[in-house]
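Summary of the model geometry
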Amino acid sequence: MNSLILQTATRVLVALILVFSIYMLLRGHNYPGGGFIAGLIAASAFVLFAMAWGMEAAQSALKIPPSNLAAFGVFIAAISGMLALFSGEAPFSGQWLQVTGDKNSGGLTLSNVLIFDIGVYLAVLGAVLTLIFALEEPG
Amino acid sequence: MSWLLALPFLIPILTALAAFPARARKLLCGFISVFGCALLLTTTIVILVLVETGGTRAAQMGDWAAPFGITLVADRLSAIMLVISGIVGFCVSLFSLSDIRKYRVKLGFHSFFQLLLAGVCGSFITGDLFNLYVWFEVMLIASFALLVLGGDRIQLDGGIKYVALNLVSTLLMLTSIGMTYGLTGTLNMAQLHISLAAVDNPTAVSALAVLFICAFGIKAAIFPLFFWLPASYHTPPVTVTAVFAGLLTKVGVYTLIRTFTLIFPSELQFPHTILLGTALLTMLTGVLGAAAHYEFRKILAFHIISQIGFLVLGLALNSPLALAGAVFYMIHNIVAKTNLFLISGTAKRLTGSFELSEIGGLYRASPLLSFFFFIAAFSLAGFPPLSGFWAKLLLVKASLDQAAYFVVAVALITGILTLFSMSKIWAEAFLKDHPKDYCQSLQDIPRYERYERLLPVAFLALITLVLGLIPGPLIDYSLAAAGELLKPGEYIEAVLGLDIQYVGNR
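Right, let's walk through the structure included here. Residue numbers here run from 1 along each chain, matching the order of that chain's written sequence. Each chain takes a letter, starting from A, and each ligand takes a number, starting from 1, following the order in which they are written. In view of the model being predicted, local features appear only for residues whose pLDDT reaches at least 70, and side-chain atom pairs are presented and counted only at 80 or more, with totals across whole chains, interfaces and linings using the full set of residues. Note that water and hydrogens are dropped before the side-chain values are worked out from all heavy atoms of the structure.

1. Some words on the overall build of chain A
The condition that has to hold: Runs of E in the DSSP output that reach at least two residues are strands. Runs of H or I that reach at least four are helices, and both are numbered from the N terminus. Exposed residues in this analysis have more than 50% of their type's maximum accessible area, buried residues have under 20%, and partly exposed residues fall in between, with area computed by a 1.4 Å probe over protein chains only. All accessible-area figures derive from a Shrake-Rupley calculation using a 1.4 Å probe, and residue coverage is judged against the displayed protein chains alone.
Counting its regular elements, chain A contains 6 helices and 2 strands. Seen through its C-alpha atoms, chain A measures out along the principal axes to roughly 55 × 35 × 20 Å. Across the 139 residues that make up chain A, the buried fraction comes to 36%. Summed over its atoms, the accessible surface of chain A is roughly 8,100 Å², and 71% of this surface lies on carbon and sulfur atoms.

2. Examining the interface of chain B and chain A
How we decide: The contact rule is simple, with two residues in contact once any of their heavy atoms fall within 4.5 Å. We define buried area as the total accessible area lost by two parts upon association, computed with a 1.4 Å probe and summed across both. Salt bridge criterion: a side-chain nitrogen from Lys or Arg within 4 Å of a carboxyl oxygen from Asp or Glu.
On the chain A side, the residues contacting the 14 residues of chain B number 15 residues. Buried surface at the junction of chain B and chain A, both sides included, amounts to about 1,200 Å², of which 78% is carbon and sulfur. Contact with chain A buries area across many residues of chain B, yet Trp3, Leu17 and Phe20 of chain B alone supply 48% of it, more than any other trio. Counting across the interface, chain B meets chain A through 0 salt bridges. Looking at the side of chain B that touches chain A element by element, the count peaks at 8 residues for helix H1 (residues 2-19) of chain B.

3. Some words on the packing of aromatic side chains
Residue and element names in this part refer to chain B. Heads up, the condition is: When the centres of two rings from Phe, Tyr and Trp lie within 6.5 Å, Trp using its six-membered ring, the rings pair. Their planes under 30 degrees apart give stacked, over 60 give edge-to-face, and anything left gives tilted. Either the NZ atom of lysine or the CZ atom of arginine qualifies as a charge over a ring when it sits within 6 Å of the ring centre and within 35 degrees of the ring normal.
In the structure shown here, the tally under the stated rule is 26 aromatic pairs over all chains. Cluster of aromatic residues (ring-pair linked, three or more members): Phe296, Tyr363, Phe373, Phe374, Phe378, Phe383, Trp426 and Phe430. When the ring centre of Phe20 is taken as reference, the NZ or CZ atom of Arg23 above it lies at 4.1 Å.

4. Looking at the environment of Ser370 of chain B
All names here are of chain B. Its place among the elements puts Ser370 in helix H16 (residues 367-380). With 59 residues separating them along the chain, Ser370 and Ala429 place their C-alpha atoms 9.6 Å apart. Setting aside its immediate chain neighbours within four residues, Ser370 contacts Leu362, Tyr363, Trp426 and Phe430.

5. With respect to the side chain of Ser98 of chain B
Note that Ser98 of chain B resides in helix H3 (residues 76-99). In contact with Ser98 of chain B, not counting residues within four places along its chain, are Glu449, Glu452 and Arg453 of chain B.

6. What about the environment of Lys102 of chain B?
Residues and elements named next belong to chain B. Note on placement: Lys102 falls in helix H4 (residues 102-106). A relative accessible area of 54% places Lys102 in the exposed class. The contacts of Lys102, once residues within four sequence positions are left out, are Ala24 and Lys26.

Printed below as a string of structure tokens:
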């Protein structure tokens with residue numbers, strides 16, 4: 001589609017949608033949201049980009065093949081689930097790394113739950129884009 | 001323990017991830033896949049031994065106590081299903097080394113194959129309804145990818161029918177899971193056994209039962225919901241069909257058995273009546289469909305349906321012997337069916353086609369292959385002393401005990417018609433001469449390929465033969481498994497612990 005209005009609007013919108021997808025990803029930690037829906041939102045940004053600028057432009061904007069992205073996402077998720085192995089707990093148990101302060105006074109903690117969600121985010125983004133890019137390729 | 005129970009799906013997922021970057025190198029990728037399957041098989045055997053010696057095992061994922069977190073449970077039925085999935089996975093991955101072409105490997109065949117195994121094993125070991133749904137989705141995505149991989153026109157045609165009907169099934173399943181949660185406030189299967197019996201709303205529970213029959217019935221391919229199966233199973237490479245035929249529909253039957261022995265209260269009789277009717281019709285329509293076809297794989301595909309009828313029959317009769325029959329039948333059937341599809345692939349390699357009218361001369365080309373086919377096919381038809389005979393005997397005896405003579409008649413007619421179809425393949429593909437006198441001998445194909453094609457077939461035929469000659473251990477095991485299914489006390493205790501406080505939101 002070669003529309004000046006769409007192309008101009010897309011420049012702004014794609015950035016906004018991607019930021020919003022990150023927001024949804026992080027929000028999912030305590031509220032509705034999370035990796036799955038955020039991955040879908042991010043994929044929609046690339047789809048919008050593809051509609052405005054063409055499939056090749058979207059593919060080169062993504063830099064890496066989407067199928068690799070999906071596999072990498074599953075890999076991160078699987079690894080984060082297996083981190084519990086080192087502390088001898090059950091699979092997919094939450095692991096917490098205290099960065100600053102202590103647990104009760106609200107210091108900064110990192111968790112494997114977040115890593116898992118990032119994995120889901122990448123897996124969904126990659127899988128959806130693999131499907132959509134494949135549909136556009138000439139058979 | 002909790003790690004051991006998670007391994008049956010962790011191993012295939014990690015293997016899939018390992019095979020993905022290696023997909024450009026056919027040989028390496030294939031070996032990763034075979035190695036992963038060998039590891040899976042070993043793990044499942046360990047689980048089987050543990051369950052057999054120490055009773056039902058349960059593990060809570062993420063240390064969230066049942067019934068609130070995801071529980072993995074291995075009882076006798078789960079354990080034997082896991083082992084048989086390991087065996088099928090191993091044999092089929094070995095066969096795939098020579099059957100799957102380079103461009104399909106490059107598209108990620110082995111990763112999707114492992115993902116499919118993860119979905120199957122996950123469904124067998126989970127003790128949570130929603131988690132079961134997730135594994136069904138994993139299975140659906142992987143199987144759809146395997147069906148259309150490579151993208152022949154006929155594959156896409158079959159793939160669309162397959163995915164459309166399976167999406168309907170998934171939707172029904174999600175609806176019924178939502179309703180279950182609304183009624184009971186839990187999705188843990190062991191907890192559901194307690195909570196669902198306490199629900200004072202017979203209309204809703206009955207509706208739920210019917211929804212579950214439809215959802216899992218489509219997956220299991222029972223009458224009249226089976227039409228997606230013969231429409232799609234003859235389209236992909238034979239390796240894919242073999243693993244689908246062996247495992248996918250059986251996951252549906254497994255979940256039906258779980259649902260109507262564990263989740264729903266045993267006083268609820270009408271689902272078993274519905275299942276009895278559908279089982280008989282499934283047996284007959286499947287075998288009649290097979291009689292009408294003259295394509296190797298289509299005949300076998302229709303036979304899958306007819307065999308599903310026998311499995312559901314075991315559940316419908318709902319006696320210890322009948323359920324044991326269903327378990328034994330399932331094991332026998334998975335082995336024989338996978339083997340027949342693998343043989344059909346080698347038959348095509350030698351003769352050039354799946355159409356029975358266009359092929360022939362296999363007996364002269366390869367007596368060994370013919371021998372393996374004979375074992376698998378006549379076991380399927382229930383010929384003594386092969387494994388299928390004992391499977392049918394258990395079910396027929398169970399029906400006689402309940403004075404269900406009509407059921408016995410249908411089972412025997414189905415057996416005879418199965419024999420007819422198998423003899424048809426035997427006569428057309430193996431005994432008669434090839435119409436164009438073009439039939440390679442097995443000796444003509446390269447040596448490593450010969451091994452990759454024959455070893456899995458020989459192994460599966462050996463299992464069929466051993467099960468036929470020494471059926472005692474597996475019959476005892478099946479009876480024990482059936483006893484556990486009918487008295488789920490041990491299962492519930494393993495999951496929830498001794499003192500059960502939570503009853504759900506009545």
